[in-house]
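# Inside the fold
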Amino acid sequence: MAYWDGTNEEEPVRLRRKAVDIVVADDEEEERPPRPKRAERAEKRTAAATVDAPIHWTAAGGSLDDVMPVHARTGVPGSTSLLGERLISRGLIAREQLDHALAEQVASGKRLGTQLVELGSINERQLIETLAEQQDLKVADLRLTVPEPAAVVRFPEALARGFEVVPVRQTAEGLEIAVAEVISAETRTAIEAGTGCPISVVLAPPSEIRRAIDQAYLALDGVEQQVRAFEDFASSRPRVEAQTQIVVDDHAPVVQVVTLLLTQAVRDRASDIHIEPQDGSVRVRFRIDGVLRDVTTVPAAMADALISRIKVMADMNIVERRRSQDGQIQTMVDDRPLDIRVATTATIWGEKAVLRLLDKTRSLRALGQLGMTPETAAEFSRLVSSPFGMVICAGPTGSGKTTTLYAALTEINDPERNITTIEDPVEYVLPSINQIQVNKQAGITFADGLKSILRQDPDVILVGEIRDVETARIAVQSALTGHLVLSSLHATDAATALQRFRDMGIESFLITSSVIAIEAQRLVRRICQSCKQQYEPTPAERTFFEQSTGRVKEQYWHGTGCNICSHSGYIDRIGVYELMRVSDAIRELVVDNASHEDLRAMAVAEGMTTLRDEVLRLIEQDVTTVAEAIRSVFVR
């Protein structure tokens, strides 16, 4: 009888059945998917999983270990129950969830536990705790446990990243390491050879292991050594000659410092790097989840060379230090493609540089994954499917407007539409969409690019940002001539966005004839689930919530700080949205030059949920905190 061995490349392994369709070898049991396209065998396979009697497989012509792939083994000798059955007995999954995971496993070839996590049936920690119980191993809590420095010193970084294991502590016998799954004898031998000592194993979720590796082996640890090398080099040469050598030589200390900063920023999920000259030093900060954090400082003597190196990478003029410049870098960090938007400006202490990091490996999100309520997402999807008109995404810098616009394009992208964009920069490449990059040096601005797009027979036009009256006027005319125009605009809320058009000099009757909806948004940080705890709010926090909602909240939650969230209490962000449809009543108010308050009141009367109401909902659902809502969302 032929059964699939879990890989896509090899032919099915021929096995001889002893009892029923469950793998058992030396008391090691493992659920295995049936060969694809054999529904009757799948039914037998599912039914057999409930059998209590001992069940065994042997391989035709050899032992089971000879034919069983390494990635398909989740148990070890001595295991006495199947992983799926153990998860069911612990009340973590239902029988239907197990059957569904087994069916998905047929196509994916992944381990059962991994498949269940990806389907959302269990989380990583539940899987690891179950595997540890099955295999009689301990579980390490890397959310709170910090690897011992002495253990990290003895464990090479290349070994940790290569095998995705992290040293936890030194023991009398050698080193204790955390792994996501039981390692093979070959892996154990390789690790012991690399460390020169015996190892013992504990289990931990893979995401916690990856985070612990990044925190144990900081790229910034090498900055101090490179700074000393720079100072030694600079002191031994004339200033101009030293700077030229530093900029050109890829092995120079300043080059290594820039590389280390980029590496650490990517590992810390930073969206921006700020390099700021101060009196006597250069401060480096990362913006992580919308908040700037100090990460390191370098000597002031290194400032010019550091900025020059970045300018060389971004193909900018290294001689010009008084005027602001923009540039772009494409590079690889940790084997991940990275686009970097660079902006420099002169301050009283020298040139400052801000690097916006765009990780191209991040997948685009659908509208339903942004944080909109189902009602808002459905209405926004309907609006961006209109045949003509203008839909505006409004918000401050860094509020996620581009992500929302890309989600909207993904929603309406189909072969029947000609979709063209003009962006600065093109952050993500979208399949089957024509994307144009703004290039001021070549004379391609938003206004000029928009004019050329209109001659390309477009159905949908995306304008990355409306920055001036010329672009605004062309965008309005495009919407009036039968095109759907999507764009972003800097504004505090939806009503303010309408007033900004008037401030740019766009006539009220053109605004009301072209704009069909304005969506305003913010991003707020989520409470870290790894360290989420109940706490007693301050009187001001309690008063704010109760006066804003008119309701009493019994329990308040926040993050206490752990290794997963870098002790901030927050990790990742979620969008907060308000959607204003430009109805007939709103149009009348715009034509009459009504105030911001009148526009907002009318929109609320017609059913708009404000940013304030949305963030209060997230507080009530314990997604974020009162302090974060006040910090991120303009509330009044």
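Preceding this paragraph is the structure being described.
Residues numbered from 1 in each chain as written. Predicted model: local features only at pLDDT ≥ 70, side-chain atom pairs only at ≥ 80, totals over all residues. Heavy atoms only, no water.

## Considerations on the pairing of strand β12 (residues 325-333)
In this structure, β12 lies alongside strand β13 (residues 336-347), joined through nine bridges in antiparallel fashion. The residue of β13 that forms the bridge with Val333 is Arg336. Connecting the antiparallel pair β12 and β13 is a turn made up of two residues, with Asp334 showing a positive phi of about 55 degrees. (Pairing = 2+ DSSP bridges. Helix = DSSP H or I, 4+ residues; strand = E, 2+ residues; numbered from the N terminus.)

## Things to note about the environment of Gly371
The topology assignment puts Gly371 in the loop between β14 (350-359) and α15 (374-384). When its relative accessible area of 15% is taken as the criterion, Gly371 is described as buried. Not counting residues up to four positions away in its chain, the partners in contact with Gly371 are Ile574, Gly575, Tyr577 and Arg617. (Buried < 20%, exposed > 50% of the residue type's maximum accessible area, 1.4 Å probe, protein only. Contact = heavy atoms within 4.5 Å.)

## A word on the environment of Val460
Mapping Val460 onto the fold places it in strand β18 (residues 460-463). The exposure class of Val460 is buried, given its relative accessible area of 2%. Separated by 76 residues in the primary sequence, Val460 and Val384 have C-alpha atoms spaced 9.6 Å apart. Filtering out sequence-adjacent residues up to four positions away, Val460 remains in contact with Leu409, Ile412, Arg417, Asn418, Ile419, Thr420 and Leu484.

## With respect to the pattern of salt bridges
All chains considered together, the criterion is met by 42 salt bridges. Residue Asp584 is joined to Arg587 by a salt bridge in which the shortest nitrogen-to-oxygen separation is 3.0 Å. Taken together, the residues Asp584 and Arg587, both in helix α22 (residues 584-591) and three residues apart, mark about one turn of the helix. Connected via shared salt-bridge partners are Glu157, Arg161, Asp214, Arg267 and Asp334. (Salt bridge = Lys/Arg side-chain N within 4 Å of Asp/Glu carboxyl O.)

In short, shape yes, function no, at least from these values alone.
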